[in-house]
Amino acid sequence: MSTSQGNDDWRRQRSSAIVARYSAHPTVIGLWSRLSSFDRAILVLFVLILIVAAFGPLVAPYPPTFADPLQRLVSPNGAHPFGTDENGIDVLSRLIAAPRTDVLIAVIATTISVAIGAPLGVVAGYFEGADRRAMRWVSEGTLRLLDVVQAFPVFILAMVLVAIRGTGPVNVVLAVAFVNFPVFLRLVRSEILSLREHPYAEAAVALGNSELGVGFKHLLPNAWPTVLVQVSVTIGFAVLLTAGLSFVGAGVSPPTPELGAMIASGAKFMIIGQWWVALFPGLLLGLIVFTFAVMGDIVGKLMEPGQRTIPSRRPLSKDHIAPAAQAEAAAPSAQGAVLSVRGLAIEASGCPPILDGVSFDLMPGEILGVVGLPGSGKSILIRAIVRLLGQGLQRRAGHVVFRGKDLAELDEKKLRAIRGYEILPLLPNAKSQLNPLVRVGDLMVAHIRAHSRCSRREAHARAARMLGAIGIGDAEHWLAAYPHELSGGMAQRVCLAIALVHRPPLIIADEPTVGLDVTVQRQVLDLMIELCHQSGAAQVLATRELGIVAQYCNRVAVLHEGLIVEMGSVRDVLLTPRHAVTRRLIAAADLRAVSAAATTNTSSEIVR
Amino acid sequence: MPTLKYIGRRLLVLVPQLFLISIITFTLVRMLPGDPARLELGPLAPEEGVVLLRHQLRLDEPLPQQYIAYLQRLLQGDFGRSWVNSSSVAQDLLVRAPATLELITAGMLIVLVVMVPVALLSASPSRGWLARATRRISFGYGLLAGALPDFWLGLVLIFFFFSVLGWAPGPEGRLAILDLPPERVTGFYVVDTLLAGNFDSFRSALSHLALPAITLAFVYGGPIFKMVRASMEAALRSDYTIYAEGLGLPRRTILLWAMRNAAPPAVVVTGVVAGYLLGGAVLIETVFNLNGIGQYAVQSITTADYAPIQGFVLVAAVFTMMVYLIVDLLQFMIDPRISARIT
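Residues numbered from 1 in each chain as written. Chains lettered and ligands numbered in written order. Predicted model: local features only at pLDDT ≥ 70, side-chain atom pairs only at ≥ 80, totals over all residues. Heavy atoms only, no water.

## Details of the overall build of chain B
Across its full length, chain B carries 16 helices and 0 strands. Projecting the C-alpha coordinates of chain B onto the three principal axes gives extents of approximately 85 × 55 × 40 Å. For chain B, buried positions account for 52% of its 343 residues. A separation threshold of at least 6 residues defines the contact pool for chain B, and within that pool the share at least 24 residues apart is 70%. On chain B, roughly 15,800 Å² of surface is accessible, and the fraction owed to carbon and sulfur atoms is 69%. Positive and negative charge centroids in chain B, built from 25 and 22 side chains respectively, lie 15 Å apart. (Helix = DSSP H or I, 4+ residues; strand = E, 2+ residues; numbered from the N terminus. Buried < 20%, exposed > 50% of the residue type's maximum accessible area, 1.4 Å probe, protein only. Contact = heavy atoms within 4.5 Å. Areas by Shrake-Rupley, 256 points an atom, 1.4 Å probe, with all protein chains shown as cover. Lys, Arg positive; Asp, Glu negative; His and termini not counted. Charge placed at Lys NZ, Arg CZ, Asp CG, Glu CD.)

What follows is the structure, encoded as structure tokens:
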């Protein structure tokens, strides 16, 4: 059933992320220092609960089953800080003694659940990934069976089990274990399914080990981190279940101190205003469950090595920057430039800048290529132009002047009017840029109507015309399509149609053809450049492929560690590179194609 | 029609699942100690009567035949008889079901009307006071939800709102003791009293429903709340939202579209929670004395009255499977990718 399937998929994704990062073992001190103070408090609380569970009865001020008939239902006072119950037993003493019962039952029951669920999960995962059809059927059948088991009312099921076998801690343990084992079966199964795709699993099988053996020996240990997170959560749930069973008299019965039974005995007094008998056990119960649940998160967090830090950058000294780029940075904005970026610096708060002092001018109709190694800041630059930085990144300095307006300072409303109307983004992997649940036509119509007054019908007709203009036949069919029905090339063409529909003066493109088939890449690029020429749109084109720059751009800027280290006409930069990074980029590219294209590239003269 | 095909296939899965449920409930009761015929008639009944009933129930035949007989009785709507008050279990369940369904419906309504909007607001990165306030609420609620036992929270609410403040009625059931139940139309007292035009009874029914429904919403709304917030946050951080911002689309459109993306996972979790509630809210019913089918089952267990337990377990499991079915169909309708993948 896809209800549980979705859950499994999600777990699988999350867990493989944990496993992927599990290899780095941090030290204990490192672990502690990575925790927030909230997490540390929970950790301390967790240890405290374990201590109370272990030694509670020894430290209680009164014997937890000692009834004093003269002291019945005494409200909290000096001698009994939490009052006494209807038998005259000190509530505090019972509270200290009770967690032992609940926690012990929950821990043992959860251990049994894991002991049963995990091996079955390995077998299920093994069968499901098997080549033989019959095996997959067995696995599928097991899962549907589990759906049914899990469809039974957990609480009543546990009660029935206790009813069959009689009350008492052992039977509660068995009932709670039975109710929870499918959770671990599912979890381990989905873990095994994703882990067996790893090369080391394939290698172990290739070495002649049996698949099932590999599952237990190599894959199961790697699934433990995820299982451990779930164990913590399940223990909390098991504590609640135990308390609930005892509350209705189907679990642990008095005089054994137990939180659910304590609440039950206090329930009738709560209603008439004597609150202390039932209130405190509930609070403690909540605290225990909460602590275990948060411990799950903490365990998960600890098993991921330190948060990714943005690699620190030594500021490059200015002499490393080629003179032409320096000159442009210092110069005032060129006359008639459509876009003029000056000293733009972007940082993640508290970290070294990701972009530093980036400056360039863009003339109308000009195409500026931005190249650089991965991580040099190309994508950030493209997004920073229209302030699409997302959370965590902010501008530290600099200006982005577009047609006389500083986009960096513009208010949200005016910026929104420029975005999508005068400046259009073309972003990588077009398919992921389109909302999977919005039809292509709805997006285009919303975009057209966001910037020009027209009816839905007119906007729709315009969208269809635009698709036709860029060579997409059967426009109506594609307008009614959802993004998943589009190929990557088709999705990028749709984005191109969106980019051109308002005939914008500026297009900012970030790797617009990445992920596309080589032949499709060419078609899309040719189309994009041709249409930009027709409409006179200027373009900033970030790419890692020098071949594209050599063929299509007028000028090129080389970005390295957040700085523009070299800038000039395509011909100058590519044929006589001055900066080491440029030389490295050229060396990595297909040299002949680049130089041939650069030699014939005369576009810089046309514009300037 | 791919949609019809999918529904057909999905229903096909349901058939063996329902069979399995009946097998399990059958086995459960066979495992319970005691002779059902003897239990139904009571310890004082003459032996001949017990033998006769055993024959009528076909308990003297081998297990497979017994199972078939059990299935036949189920299909005729015969869930057996309670030996405590010798009433028909099917009848008992029918009379009590509306109380449980009313509680679940009211609780889920609170979740959808109050909690989901708060979750959506708290997911928005806006710096306005409303977003900040909801973020704080959602942080605090995220800590508490799922940790507090429902039966205890119900008691605490009774203590504050009944014993201390006197705003709400005590745990006396669905109506005040002197109120007459309205004529049964839907079985929901809140609806039936309105239909009957009896506003005093309506107020009474509503005030008796308020605390249990709030308890249910608070305790079981947690997973829904967290999932709505998490998937809305994910949608607002996603590439397509950034692209939509880059196209200068109105804020309202962007938020509405992000909500569309947040919907499928939220629907799944809502379904799982709703499916769980029929059997999961039994303690709330017990604490507030609502006399629904959950409380009926709990009472039956304490009196070792097996037919009602069997009936309840069966009804709850079937209910859960039905909710799962509805969730799958809903998802199929919301998310075009699923229909593409499955058909």
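## A short note on the interface of chain A and chain B
Tallying the contact residues gives 67 residues for chain A and 71 residues for chain B. Roughly 6,100 Å² is buried in total at the junction of chain A and chain B, and carbon and sulfur atoms are behind 77% of that figure. Across the chain A-chain B interface, the total number found is 2 salt bridges. Here Glu245 of chain B and Arg419 of chain A are joined by a salt bridge, their closest N and O atoms 3.4 Å apart. Here chain A is connected to chain B by 10 residue pairs in polar contact (both at pLDDT 80 or more). (Buried area = accessible area lost by both parts, 1.4 Å probe. Salt bridge = Lys/Arg side-chain N within 4 Å of Asp/Glu carboxyl O. Polar contact = N/O pair within 3.5 Å; in protein donor to acceptor, adjacent residues only side chain to side chain.)

## Details of unusual backbone geometry
All names here are of chain A. Here Arg387, not a glycine, exhibits a phi torsion of approximately 60°, which is positive. Within the fold, Arg387 resides in the loop between α13 (378-385) and β4 (393-402). In this structure Arg387 comes out as partly exposed when scored by relative accessible area, which is 27%. One non-glycine residue, Glu511, lies in the positive phi region at around 45°. Mapped onto the fold, Glu511 is located in the loop between β7 (506-510) and α20 (518-535).

## Points about the state of the cysteines
Residues and elements named next belong to chain A. Under the definition given, this model contains 0 disulfides over all chains. Unpaired in terms of disulfides, Cys495 finds its nearest cysteine sulfur in Cys532, a separation of 14 Å. You can see Cys553 has no disulfide; the closest cysteine sulfur is in Cys532, sitting 11 Å from it. (Disulfide = S-S within 2.5 Å.)

## Observations regarding helix α4 (residues 63-75) of chain B
All names here are of chain B. The terminal C-alpha atoms of α4 lie 18 Å apart, and with 13 residues this matches the ideal 18 Å at 1.5 Å per residue to within 8%. Turning to α4, its buried residues are Gln66, Tyr67, Ala69, Tyr70, Arg73 and Leu74. Along α4, the residues classed as buried sweep out an arc of 160° about the axis, all on the same side. Facing away from the buried side of α4 by over 90 degrees, the exposed positions are Pro64 and Leu75. Looking one or two residues beyond α4, the residue adopting positive phi is Gly77, at roughly 80°. (Expected span 1.5 Å × (residues − 1). Arc of directions from axis to C-beta.)

## Topic: the confidence of the model for chain A
Residues and elements named next belong to chain A. When the pLDDT values of chain A are averaged, the result is 80; 86% of them are 70 or greater. Within chain A, helix α16 (residues 440-451) carries the highest mean pLDDT (94), whereas helix α1 (residues 2-20) carries the lowest (44). Across residues 306-319, where pLDDT falls below 50, the model places 16 contacts with residues more than four positions away in sequence or in other chains. Contacts of residues 604-608 to residues separated by more than four positions or lying in other chains number 8 contacts, the stretch itself having pLDDT below 50. (pLDDT = per-residue confidence, 0-100.)

## Let's talk about α13 of chain A
Here α13 of chain A lies mainly inside the structure; 6 of its 8 residues are buried. Positioned one or two residues after α13 of chain A, Arg387 of chain A has a phi angle of 60°, which is positive.

## Focus on the packing of aromatic side chains
The full count for this structure, using the stated rule, is 13 aromatic pairs over all chains. For the pair Phe46 of chain A and Phe292 of chain A, a centre-to-centre distance of 5.4 Å together with 85° between the ring planes defines the contact as edge-to-face. Within this pair, whereas Phe46 of chain A is found in helix α3 (residues 37-59), its partner Phe292 of chain A is found in helix α11 (residues 276-302), the two being separated by 246 residues in sequence. Phe46 of chain A gets classed as buried once you look at its relative accessible area, which sits at 19%. A relative accessible area of 4% places Phe292 of chain A in the buried class. Measuring from centroid to centroid gives 5.9 Å for Tyr220 of chain B and Tyr276 of chain B, while their planes differ by 45°, and the two rings are tilted. Placement of Tyr220 of chain B in helix α9 (residues 199-220) and of Tyr276 of chain B in helix α12 (residues 251-280) is noted, with a sequence separation of 56 residues between them. Judged by relative accessible area, which is 15%, Tyr220 of chain B ranks as buried. Every member of this aromatic cluster is reached through a ring pair, and the members are Trp275, Trp276 and Phe280 of chain A. Lying across the ring of Tyr189 of chain B, Arg174 of chain B places its NZ or CZ 3.8 Å from the centre. (Phe/Tyr/Trp six-rings, centres within 6.5 Å; stacked < 30°, edge-to-face > 60°. Lys NZ or Arg CZ within 6 Å of the ring centre and 35° of its normal.)

## Considerations on the confidence of the model for chain B
Close inspection of predicted coordinates is inappropriate in any region flagged by low pLDDT. All names here are of chain B. For chain B, the mean per-residue pLDDT works out to 84, and 97% of the residues sit at or above 70. Of all helices and strands in chain B, the one with the weakest mean pLDDT is helix α16 (residues 336-342) (65), whereas helix α11 (residues 239-246) scores best (92). In the predicted complex, the global pTM is 0.81; the interface-specific ipTM is 0.82.

## Description of the sheet that holds strand β10 (residues 563-569) of chain A
Residue and element names in this part refer to chain A. One open sheet holds the 6 strands; their spatial order is β6-β7-β8-β3-β9-β10, and the pairing between them is mixed. Both edges of this open sheet fall to β6 (423-426) and β10, since each of them pairs with a single strand only. Looking at each pair of strands side by side, their axes are set apart by 15° on average, direction ignored. In terms of strand pairing, strand β3 (residues 367-372) meets strand β8 (residues 538-542) through 4 bridges, oriented parallel. Bridge pairing links Leu368 to Val540 in β8. With respect to the sheet, α20 is in contact with β3, β6, β7 and β8, its orientation differing from that of β8 by roughly 155°. (Pairing = 2+ DSSP bridges. Axes fitted to C-alpha atoms, helices over the stretch in contact; angles between N-to-C directions.)

## Regarding the sheet that holds strand β2 (residues 353-362) of chain A
Residue and element names in this part refer to chain A. Read from one edge of the open sheet, 4 strands run β2-β1-β4-β5, paired in antiparallel fashion. Among the strands making up the open sheet, the edge pair consists of β2 and β5 (405-406). Where strand β1 (residues 339-348) and β4 come together, 8 bridges link them in antiparallel fashion. Looking at the pairing, Ile346 lines up with Arg395 of β4.

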